[in-house]
Structures are given as C-alpha cells and as structure tokens.
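Structural overview for review
Residues per chain are reported as follows:
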Amino acid sequence: MILVWLIAIPLVAGVIAGFVARRSQLASRLISLLAMVVGFVISVWLWAANYSHISLLTQRQWLAEFNVPWISSFGIRFHLAMDGMSLLLVTLTFLLGIASVMISWREIHDGVGFFHFNLLWVIAGIVAVFLAMDLFLFYFSWELMLIPMYFLIAIWGHERRVYAAVKFFLFTQLSGLLMLVAILTLYFAHHAATGVYTFEYSQLIGTPLAPHTAMLVMLGFFAAFAVKLPMFPFHTWLPDAHTEAPTAGSVVLAGLLLKTGAYGLLRFVLPLFPRAAHEFAPIAIALAIAGILYGALLAYGQTDLKRLVAYTSVSHLGFVLLGIFIGTPLAIAGAFITIIAHGISTGTMFMLVGMVQERTHTREMDRLGGLWQTAPRLSGSGVFFVLASIGLPGLGDFVGEFLVLLGTYRVSPMVAAFATVGVLCSTFYGLKFVARAFHGPNTNKWKLPDLSGREIALVGAMMVVLLWLGLYPQPVLNTFKPTAQRLEQVVHGPGMGYRR
Amino acid sequence: MFHLLWLVPAIPFASAALLLIFGPRMSHRMAGFLGCASIGLSALISILITWRFIALPPPGGNYTQYLWTWMNVAGFHPDIALYLDTLSLIMVLVVTFVSFFIHVYSVEYMHGDEGFSRFFGYMNLFVASMVVLLLGNNLLLLYLGWEGVGLCSYLLIGFWYTEPKNSLAARKAFIVTRVGDTAMALGLFLLFDKLGTLTIQPMMHAAQLQWPHGSVYATAAGLLLLGGACGKSAQLPLQTWLPDAMAGPTPTSALIHAATMVTAGVYLIARTHVIFQLAPTAQLAVAVVGAVTLVAAGFAAVTQDDIKRILAYSTVSQIGYMFLGLGVGAWTAAIFHFMTHAFFKALLFLASGMVITSMHHEQNIFKMGGLRKKLPLTYWAFVIGGCSLAGLPLVTAGFYSKGLILWGALSSPVGSTWLWIFGVVGVFMTSLYIFRLIFITFHGECQKEPSHRPGWLMGVPVIVLSTLAIVGGFVELPSYLGNHPWFTNFLQSSLPATIEAHHPLMSELGAEGWAVLAFFLGLGGAWYLFLRHREVPEALAAKGLGRALHRWWYTDWGMDWLYDRLFVRPVGWFSRTNKTDAVDLIYTGTAALTRAGWASLRLTETGRVRWYATALVLGTVIFVLIVALL
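All values reported here derive from a predicted model rather than from experimental measurement.

1. Focus: the overall build of chain B
Counting its secondary structure elements, chain B contains 27 helices and two strands. In chain B, buried positions account for 59% of the 630 residues. Residue pairs in contact within chain B that sit at least 24 positions apart in sequence constitute 81% of those at least 6 positions apart. If you sum the accessible surface of chain B, you get close to 24600 Å²; carbon and sulfur atoms cover 70% of it. Across chain B, 35 positive and 27 negative side-chain charges occur, with their mean positions spaced 8 Å apart.

2. Topic: helix 6 (residues 161-194) of chain A
An ideal rise of 1.5 Å per residue puts 50 Å on 34 residues; helix 6 of chain A measures up with 48 Å between its terminal C-alpha atoms. Positive phi appears at Gly195(A), one or two residues downstream of helix 6 of chain A, with a value of about 80 degrees.

3. A closer look at the packing of aromatic side chains
Inspection of every chain in the model, using the stated rule, returns 73 aromatic pairs over all chains. Ring geometry for Phe114(A) versus Phe151(A): centroids 5.8 Å apart, planes at 55 degrees, classification tilted. Note that Phe114(A) is positioned in helix 4 (residues 112-131) and Phe151(A) in helix 5 (residues 135-156), a separation of 37 residues in sequence. Note on Phe114(A): relative accessible area 37%, which makes it partly exposed. Between Phe119(B) and Phe159(B), the aromatic rings sit 5.5 Å apart at their centres with planes inclined by 80 degrees, giving edge-to-face as the arrangement. Of this pair, Phe119(B) sits in helix 4 (residues 116-135) while Phe159(B) sits in the loop between helix 5 (139-157) and helix 6 (164-195); the two residues are 40 residues apart in sequence, bridging distant segments of the chain.

4. Re a nonpolar patch on the surface
Residues and elements named next belong to chain B. There is a patch of nonpolar side chains on the surface, built from Leu-284, Val-288, Val-292, Trp-418, Ile-421, Phe-422 and Val-425 and spanning about 590 Å² of accessible area. Those elements that place two or more of their residues in the nonpolar patch are helix 13 (280-303) and helix 19 (417-442). Exposure remark for Phe-422: the relative accessible area of 31% places this residue in the partly exposed category.

5. Some words on the interface of chain A and chain B
Contacts between the two partners involve 62 residues from chain A, matched on the other side by 50 residues from chain B. A combined buried area of about 4800 Å² lies between chain A and chain B, and 69% of that area is made up of carbon and sulfur atoms. When the buried surface of chain A facing chain B is broken down by residue, Phe402(A), Tyr409(A) and Leu431(A) rank first, second and third, together holding 12% of it. For the pair chain A and chain B, the number of links is two salt bridges. With its nearest N and O atoms 2.6 Å apart, the salt bridge here joins Arg410(A) to Asp193(B).

6. A few points about the domain arrangement of chain B
Under the domain assignment, chain B is made up of domain 1 (1-209 + 238-266), domain 2 (332-540) and domain 3 (580-629). Inter-centroid distance (C-alpha atoms) of domain 2 of chain B to domain 3 of chain B is 84 Å.

7. Brief notes about the pairing of strand 2 (residues 79-84) of chain B
Successive residues of a regular strand alternate their side chains across the two faces of the sheet. All names here are of chain B. In terms of burial, strand 2 is a largely internal element, five of the six residues being buried. In terms of strand pairing, strand 1 (residues 63-69) meets strand 2 through six bridges, oriented antiparallel. Counterpart to Tyr-66 in the pairing with strand 2 is Ala-81.

8. Considerations on helix 25 (residues 559-577) of chain B
With 19 residues, helix 25 of chain B ought to run about 27 Å at 1.5 Å a step, and its terminal C-alpha atoms sit 26 Å apart, in line with that. Taken as a whole, helix 25 of chain B carries its principal kink of about 40 degrees at Arg565(B). By the burial criterion, the buried members of helix 25 of chain B are Met559(B), Tyr563(B), Gly572(B) and Ser575(B). In this structure, the buried residues of helix 25 of chain B make contact with helix 11 (274-301) of chain A.

9. With respect to the side chain of Gln235(B)
Residue and element names in this part refer to chain B. Following the sequence through the fold, Gln-235 ends up in the loop between helix 8 (216-232) and helix 9 (241-244). The exposure class of Gln-235 is buried, given its relative accessible area of 0%. Within polar-contact distance, the side chain of Gln-235 engages the backbone oxygen of Val-316 at 3.3 Å. Filtering out sequence-adjacent residues up to four positions away, Gln-235 remains in contact with Cys-230, Val-289, Gly-290, Thr-293, Val-316, Ile-319, Gly-320 and Phe-323.

Calculation rules
- Residues numbered from 1 in each chain as written.
- Chains lettered and ligands numbered in written order.
- Predicted model: local features only at pLDDT ≥ 70, side-chain atom pairs only at ≥ 80, totals over all residues.
- Heavy atoms only, no water.
- Helix = DSSP H or I, 4+ residues; strand = E, 2+ residues; numbered from the N terminus.
- Buried < 20%, exposed > 50% of the residue type's maximum accessible area, 1.4 Å probe, protein only.
- Contact = heavy atoms within 4.5 Å.
- Areas by Shrake-Rupley, 256 points an atom, 1.4 Å probe, with all protein chains shown as cover.
- Lys, Arg positive; Asp, Glu negative; His and termini not counted.
- Charge placed at Lys NZ, Arg CZ, Asp CG, Glu CD.
- Expected span 1.5 Å × (residues − 1).
- Phe/Tyr/Trp six-rings, centres within 6.5 Å; stacked < 30°, edge-to-face > 60°.
- Patch = residues over 30% accessible without salt bridge, like charges linked within 9 Å, V, L, I, M, F, W, Y side chains within 5 Å.
- Salt bridge = Lys/Arg side-chain N within 4 Å of Asp/Glu carboxyl O.
- Buried area = accessible area lost by both parts, 1.4 Å probe.
- Domains from an automatic or database assignment.
- Pairing = 2+ DSSP bridges.
- Bend = angle between axes of the 7 residues up to and from the residue.
- Polar contact = N/O pair within 3.5 Å; in protein donor to acceptor, adjacent residues only side chain to side chain.

So, in structure tokens, the structure goes:
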C-alpha cells in the first residue's frame, strides 16, 4: 500500500497545488515541497527499515508490493513492486523533486499552479515507471511522464521552447509506440505459448520466442529506452529539450527522465530478452563508445552553458549504456552508480546554470566570464560539480565510471581504452566551462548576488551526497546487490553462454 | 604512535575545508595561521612517527592503518587504508616538512593578496592529497591522491584567474597530465584484471608469483604506469606543461612544481618496482626517458630568460635523473635524489620568489643584474641551491645523490655507458644554466633597484632549506668517503638494493671524477660566457645556425608547436565546426522533407474545378493503363 502512496501523494498534491495557486502562490509551492519531502522521507524510511536484510533478498523477491486486478478481461493488473534498484531510484526522484521545487521558487512566476501540477505529475509518472511491474501499467506511466514534461518545456521554457518541446515529444512518442508494439507482441506470444493473457512482468520473463522475433521485440523496447537514455545517434532531442526547458525541467530531464531509459534496459531488456540482448551487445557497445566520445567533443564545442551541460549527459549516459551491455557484475554496478551520481551532479549543474542565468539573463559564455570575482560561492560550487562531472576521484561519478571501465576491461581492453579516452575528453569541456564562466577577467562588470541561504542549502546537500557516493558508496551498492544478482542469474543463466 | 597516521592527511583536509568554506570571512592573520599550523601539526606527527619507526620499527617493517572499505562489489574491494613503510615514510616526512616552510614563506609572499585564504585552502588541500597519494595502500587510493594533487596544481596555476594566460596554463597542465593519467588508469585495469587486486603489496606478490621475467603483461603494465608517471612528473613527451605552470604563485612552483607533486611519478615507479623488475623493456624505457629528458631539458634551460622557466626546465631535467636512477635499478638513489632535490629546488624557487617580489614582479634575468650586494641572503641562497643542484663536490647534498645515480647508471647490470654519458652531459648542462642564471642576475651591473629586502617569514625558510641543501646529503656517504649508506640501509626494507656489478673500466671514484670535471667545465663555461664575455653567446645566437638552434631550444624543441598542430587544433576545429551537431541533420532533414511534401501537395489544392477534373481524368487514365498493362 505504501507504494500506492508514493505515487498518489504527488498526484493529489499536484492537483491541490494547481488549484490553490489562484489564492496563494506560496501555498502552491509549499504544498509541492511538502509532497516531495514526504515522498523523500517515506523512501528513506523504507530504505533504513529494510537496509539490514536488503542484501538477503534473493529469495523473497520484493521489498514491498501492491497487486490488485485492474482490467481483468485483458489480464491487466495494477501491480507495483519495489526492490533495491527501484527503491534507490525512487529516493533519487524525490530528492531531485525537492530540488526542482526549490529551484523554481524564484524562477517561475507565471502559471505557478499549472507549473507545479505538471512538475508533480511528472514526478508521479517517474515513480510509477520505477514501480510498475505490469507492462501495461508501465507503458501507461511511461506516457504519463511524457505529457506534463511537454507542457513544462513548451510553456515555461526559453526562446525556442515550442520547437524543443515538439521535438522531445516526437522522439519519445515514436519510440514509445515501438515499445507498445513490442509489449503487445510479447503479450500475444505469451498467450500463444501458455494460453494466458497477462502483462505481468514475472510471468512474461522466459516467454519462449523465436530468436528472430525476440530480436525484433527486444529492439522495440530498446528503441524507447535508447531514445530516452539517449543513445547516439538518437540524442539530438536532448540538447534542445534540456537547453530550452526551465531549470526544474532540465533537472528532472537530466536527473530522472534519462534514468528511466537506463532503468528500462536493466529491468526489462536484459531479463526479458537475455539472448537477443547478448547478440545485440556489440552494436550497443559501439554506439555507447560513439556517444561517450561524440558527446564529450560536442560539449567542448558549445558556447551556451546549458547546451554544454546537456551534451555532457550524452557522454555520461554512454557509460551507463556501456556498463549495461558489457554485463559483467562490476560494469553493471558501475552503470548503476553512474545513474545515481549523474542524476545528482548533472542535476545540480543545471541548477547552477539556472542560477547564473537568473542573475545575468544569459547563458552565453562570451557574455560571461570572471564570475568568481563577484560570486565566489556560486563559482566555487560550479567548479566542484564540474570536477564531479569530469570524474574526479572522491566524488560519485568517478566510482561509477571507474567500475564500468574496470568491468569493460575484462571483456575488451580496446573498448575500455576508447572509453577511458572519453574520460580524458571530459576534461576539455569541464575546464572550458570553468575558464569561460568563472575565470578570466570580469569584462562585463557583472555585480551579482552570491548564493542565497536557500541555494547554499540545496547545493551543499548535493555536494554531501556526491562526496558520500564517492567515498563510501557501499550502502548503495549493497542495496543494489540483490537486483544485480538476479540480473546476473538471468543474464548468465544456464545455457546462456554469456561472458564470464 | 602509528595510529596517529591518519591525522597526517586528515588535519590538512580539515583545515582546507575550513579555509575554502569560511575563508572569505576570516582575517588574513587567522587564515595564514590556520594554513601553517595544520601543516606544522602534520609535519610534527610525521616526525614523531619517524622517530618511533627508527626507534622501534613495526613488525615486518611496515604498518597498515585500515580506515574503512571504500567499496566492495563483485570481488573488487579497495580499502581506504594507509600503508606506511620506509619509502612512504621518507616521502611523507620530506613533503610535510618542506611544505611547512613553504607555507610559512607564503604568509609573507601572499600578504595582502585578495585570495589569501583561498591560496592557503588550495595549498592545504594539496598537502593532504599528496600525503594520501604517498600513503594509499592500494593503487585506487593512490589514484585519488594523484588526481587530487593534479586538481590543486590546476587550481594554483590558475590562482590569479583574471589573467587568461594563467587560466590557459592551468588547463594545459591539467589536460596534459590527464593524458598520462589515462594511460595509468588503463594500467590499473590491466593489473586488476590479471592480478585480482589493486592493493599494492599483495599485488606485487601476485605479480612475482604469476608473471615470468619479461612477461608481456608486466611490460604492458609497466609502460602504462610509466605513461602516468611521465605526465605527472613532466618527462618526455609530456613535459610541455611544466614550464607554463610557472604562471602560478612562486610558493606553488616551489612546493608543487618542484619539490613534491612532480616527483609523484618517481614514487609511483618506486612503489611498483616489482613490475619493472619483471619487465626489463619497461624499465629500460624508464631509463631512456629519464636520460633523454634530462639532457633535452638542460638545453631548453640554457636558452630561457625567465628566471622561473629556467628553474622549471631544471626541475624537468632533475626528475630525469630520478627516472634514470629508477630505470637502472638504483631505486634508493632515485629517492635520495628526490629528497635532496626537494631541498635545493624548493630553496631556489623560494629565493627566486624573493628576487621577483623585490624586483616589482620582473622575471626576465636580463633586466636584472648586480643584485649580489643588494640582496645578500637571496644571493647566498642561490649560490648554495645552485651548487647543490649542479653538484659541487663533497659539500653539497646534490653531489651525493646525483653521484649515486650516475654510478648506478654505469655499474648496474641494466645500466650502460651510454646512459652514464647522458647523465654526465646533464651535469655539464646543469652547471652551465644555473651559473648563467646566477651570474646574470646577481653579478654584473645593477639594472634596476630592488624595492625592499624580504622579511624574516621569507628569510627563515630560506635559511633552513639552505642548510638542508648542504647537510641533506651526508646521510649517505659513498664507498670512497667512508662508506656509510645510512639512507640506503633505511630504505632497504621497502626497496631492493642496487646491484653493483663492477665496471670493467672505471671505479666509483674515477667515474665521479668525470662528473666533477663536467661540473667545473659548466661553471667555467658559464663564467666565461655569461660573466666575462657576454657578447660571445649573443653573437652566437644572433645569426644562422646558432639562431635557429637557440630558437629551437628556446621553444623546448618545438614540442608545443607540434602538439598544437597534431591535437589541439584538430579537436578544436572538429568541435567548433560541428557545434550544431551534424547528426541532427538526419532529423531536421526528415522534417524538412515532410514539410516539402506537404507544401507540394498543398499546391494541388487550388479550389479550381477544372484542375480537379483534369486530375481526375488523368488519374483514371493512369490507373486504367496500369491495370491494362499488368
């Protein structure tokens, strides 16, 4: 039942926040914040309460579950379930949810109610995606998070918001439809094999499929997740959407929406189609490497701060894709840590860029520079998160990428070498960011207010989380472990002949 | 006593955090005190630990302090743990001790600077990271310190960030060293993959057990680690960043870019010496890199006119000696040279800082001159440091450490006469460039009046380091001087002894004679060319071949130019031209096609019945034709 609450709280609070804004904008913000905090507290509580026995969970499958019939005639159930992976992702979702509400406190003035309605519904959709264990419900949630996001970009975005929103919508919608076709194919194939109509995840696992069909169905799922991730060459919606979205939108996009793609790969593609995924792995790995290098070089070429950060996501998520398809335990654990750490570090990067833009009304490097002189705390924080992004040891991103690379090396030293060069390339854009925004002479004579108390709290909290992930990621790894083991069993199961 | 070890990095970390977070609100006095006191405490604890280590060595000659498990996943479980043996002990002692004096010096040097507390924050962070690098018991923790010191180096080179030139130098340093780090990371992957752990001591054991002499894996791992060491220690072909790094404040140059961080590569190779012993090719590569670098940098140094750049090339060259020592298996000699180099090179940089501040931030030695009388302390510091650097026989520290390396290069079974000749030529070049600097700066006519004499906060560290630059060498006396290898004996428990095969042609004393000769030739040459007859070198560099050579060496053999063409410009060009992302053309192209299709179809919708009728008829005819033909 607690899982229903996790989805219902943002849904209900979103409606209330939407209506109450006519009376008081502050109330709308406070209600949204409260909803996010409650969600966060619940998920942390779930984590703390279950932490001691979480790593023993291999037998009993879920930490928490909610399963009732929904549309019985089609075998659709309202089935939510949580394991270590979804618990961590839900926690991340609410953490970034809090951040999104707080960062919009001064930025959003128009349509406050509808804004928070959309924001909270996106969050609810994301939580539902992480919890849904019925493929129909999953697809439903997948769409639920898309539409409010479209509005967030199209209404509160920057100059080219409509273009960006439509592009985002088309990419996600088209790839989502492919997934729908794949889900339905799987549904009917399962019926053909067993005589039972069901969308239930645990039952659909192991559905016998002809190799050719399995590959096509796998690609249907993969398309949706690869576009969300985003994988090279399907990444081009991302820079536009991230750049044009309001700050909270960018935070949710980079921190959470991209992660649903990675989650989908881990939850569905590998377990449902282990063999097809294995066959497809070389292509996915090649595209991951291409994304890592291409994203980093393109980020280096940008002069718009937000666009630069957007392209870094293409590069970092390349590591996630690489880790997932390399498939060794180390690489998968690394991919997961990267998912979490990237959510925090890039999410905060977008917040910081948002703060710069709020103060200077520009994101163009040519008009910035020398901000350290006038806003040292803001600039210092910027340097901190740039360092996280370029993989400085001691911060979360490093742990993730290092584990991915370590796992990759086992399988292919050559691929690992290319990916490591990708880490080197991250230095180019990271240092360019610092040099052009914070260092250099303050030629435009900016006089900016430094971080406010609210902003310091927000950024400082994120710093602490990153340091924790970088120096003691064990709690996250332990929590993820049962999921990883189950994944390993499926992927490396008997007769799979998967790599060692 | 040993359980205090964790405090050595923890205190500077804590004070760095305080300085960086609350620094802007602190008074300069407070920030300076905090910055110095934390390092002083660390140095004090390292002295206590050293004392205890000598008096009552821990069992097995090493001590591990386990703090916590960093991560534990799928058989990979590096700890956050500190490993103390005589090698790391010596390094930590030298680093904290020299750092303390440089910090004290900085209080006066940075006086009144806007970023005073930020400076001390970065410097403390540096010391903490450096200690982690030295004490890390596994290569991943070492790598954390490794990247940490690289970060501090970057932050401090670009300390005066409003000057775009400094920011550029900082970025260059970070990126070039990270090229090396990329190789090093691959080395780490390889070592973990083949040996199953990154904890240094078990890993070395495993390597000895699993890999035969000359193993491919050992060679690959050795070369990859060498790549990392070349980046950090500014050796060919990655040395180009160090001279530009002089853009940072002078105490930074003294601490990071001379005494400590740049010798991290030497430490890395010494720490993993088992792998190099298993891989003769990799070890030879270390020696060759060192030998070539030390001579090449000597040529570059002799043509520079910026006082700090001369010293920078000198550092590159001296680390070349350490690499040479490592490469011929004279492990302890390399560490010995690290120690004496830390003393005399820090001294030279601090003294040059005195010159620069009192000359209104002038750094060109040709705009100075005759400072001997005006700045006597600085002058004598330079003479002592210079003599120690070039190796004035018997009375300076540099003489003993360099002598040991040279003898190793000649006598070791993996050494060779060629390597030794490079080393001796290096002695000549060293002597030539450092006395050139001294003669031009301190002798001759006074060109510009110094503004003031440095105070005691700068004076005391210089005096202490001057003393160490002389007496620091007496801890290791060669066979012809009573044979008291205390330093080598102390390091014996962590580094293998140098194998001395007696050289057929020369005794140790005879070989030393050549080095002494080279020293005096260099000194005499400098005296003749840069004190007596300054017109001679000017004439030489004025035209023809001499001019071309001068230019070539002045630009450090043109390597910046080459890298600019090979890497910097292509990457920049690609990123700039592809700013709008060519891949997006697929999608915008699809969109444009659709739009064009819509536009052309729209043309048919004219509202004229004649057109519709014609189209209807035409369509019918075509349809019928198709049906009929099929």
